[in-house]
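Read off the chains here:
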Amino acid sequence: MQVRVAGVALDASGQHVLLLKPIDQLPGDGMVLPIWIGQLEATSILVAVEQAPVPRPLAHDLLRSTIDTLGAELTRVEVTRIDDGTFYAEITLTAGERTVTVDARPSDAVALASRTGAGIWVAEAVMDEAGVPDVLTESDASERLDEFKKFLDDVEPEDFEA
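Residues numbered from 1 in each chain as written. Predicted model: local features only at pLDDT ≥ 70, side-chain atom pairs only at ≥ 80, totals over all residues. Heavy atoms only, no water.

Participant: Before we move on, can you summarise the side chain of Asp-134 with the specific residues and values?
Facilitator: Examined against the element boundaries, Asp-134 turns out to sit in the loop between β8 (132-133) and α5 (138-154). For Asp-134, a relative accessible area of 8% gives the class buried. Polar contacts involving the side chain of Asp-134 include one to the side chain of Lys-21, which spans 3.1 Å. In this structure, Asp-134 is in contact with Lys-21, Leu-26, Pro-27, Gly-28, Asp-29, Gly-30, Met-31 and Val-32, ignoring residues within four places of it in sequence. (Helix = DSSP H or I, 4+ residues; strand = E, 2+ residues; numbered from the N terminus. Buried < 20%, exposed > 50% of the residue type's maximum accessible area, 1.4 Å probe, protein only. Polar contact = N/O pair within 3.5 Å; in protein donor to acceptor, adjacent residues only side chain to side chain. Contact = heavy atoms within 4.5 Å.)

Participant: Before we move on, can you summarise the packing of aromatic side chains with the specific residues and values?
Facilitator: The full count for this structure, using the stated rule, is 0 aromatic pairs. Looking at Arg-81, its charged tip hangs above the ring of Tyr-88, at a distance of 3.8 Å from the centre. (Phe/Tyr/Trp six-rings, centres within 6.5 Å; stacked < 30°, edge-to-face > 60°. Lys NZ or Arg CZ within 6 Å of the ring centre and 35° of its normal.)

Participant: Give me the pairing of strand β1 (residues 2-10): which residues, what numbers.
Facilitator: Here β1 pairs with strand β7 (residues 119-122) via 2 bridges, running antiparallel. Each bridged residue has a counterpart across the sheet, and for Val-3 the counterpart in β7 is Ile-120. Across 7 bridges, β1 lies against strand β2 (residues 16-22) in antiparallel orientation. Bridging from a neighbouring strand, Leu-10 pairs with His-16 of β2. (Pairing = 2+ DSSP bridges.)

Participant: Any chance you could break down helix α2 (residues 59-69) for me, citing the residues and the numbers?
Facilitator: What α2 keeps buried is the set His-60, Asp-61 and Ile-67. The arc enclosing the buried residues of α2, seen along the axis, measures out at 125°, which places them on a common side. What points out from α2, more than 90 degrees from its buried face, is the exposed set Ala-59, Leu-62 and Thr-69. Considering only its buried residues, α2 is in contact with α1 (39-49), β4 (73-83), β5 (86-95) and α3 (106-116). Looking at the residues trailing α2, positive phi occurs at Gly-71, about 75°. (Arc of directions from axis to C-beta.)

Participant: An account of the pattern of salt bridges is needed here, citing residue identities and associated values.
Facilitator: Evaluation of the coordinates by the stated rule reveals 7 salt bridges. The shortest N-O distance in the salt bridge between Arg-105 and Glu-41 comes to 2.8 Å. Taken as a pair, Arg-105 in the loop between β6 (98-104) and α3 and Glu-41 in helix α1 lie far apart in primary sequence, 64 residues in all. We classify Glu-41 as buried; its relative accessible area is 14%. Between Glu-78 and Arg-76 there is a salt bridge, and its shortest N-O distance comes to 3.1 Å. Look at the salt bridges and you will find they share partners, linking Glu-41, Arg-105 and Asp-108 into a network. (Salt bridge = Lys/Arg side-chain N within 4 Å of Asp/Glu carboxyl O.)

Here it is, written out as structure tokens:
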């Protein structure tokens with residue numbers, strides 16, 4: 001099923017959670033797929049979704065530029081399976097007549113799709129196994145957006161150094 005980024009949240013222990021929601025479902029209705037991700041990946045996804053300016057390209061911006069420079073196109077990303085609590089994804093690239101599929105972490109796949117406009121998909125079996133009822137309200141989403149905007153105001157380029 002095709003999904004969209006419904007948000008990136010923090011769980012009770014302070015870990016970042018990517019929330020993927022079927023594109024045909026409204027906030028607070030249906031299901032959402034939570035995938036725990038790292039802080040840098042969360043930042044990269046939020047920067048792309050919010051189209052926030054960054055002083056220097058992030059790793060996912062570099063990969064997008066590389067794909068463009070090679071004349072390829074990211075046509076789709078998919079969270080394909082979950083195995084013992086670990087999610088797996090694939091990105092599909094097309095260059096001329098050639099189509100290739102590459103293994104990826106879901107966070108990297110979503111960060112890249114968020115930059116290129118490629119569709120994001122989740123295998124039905126993954127949503128069935130790991131999806132949870134969506135209880136996010138509009139006020140929750142607005143509050144998280146305000147928190148992210150504050151983060152962008154305070155972040156420095158050195159924060160992205162390894």
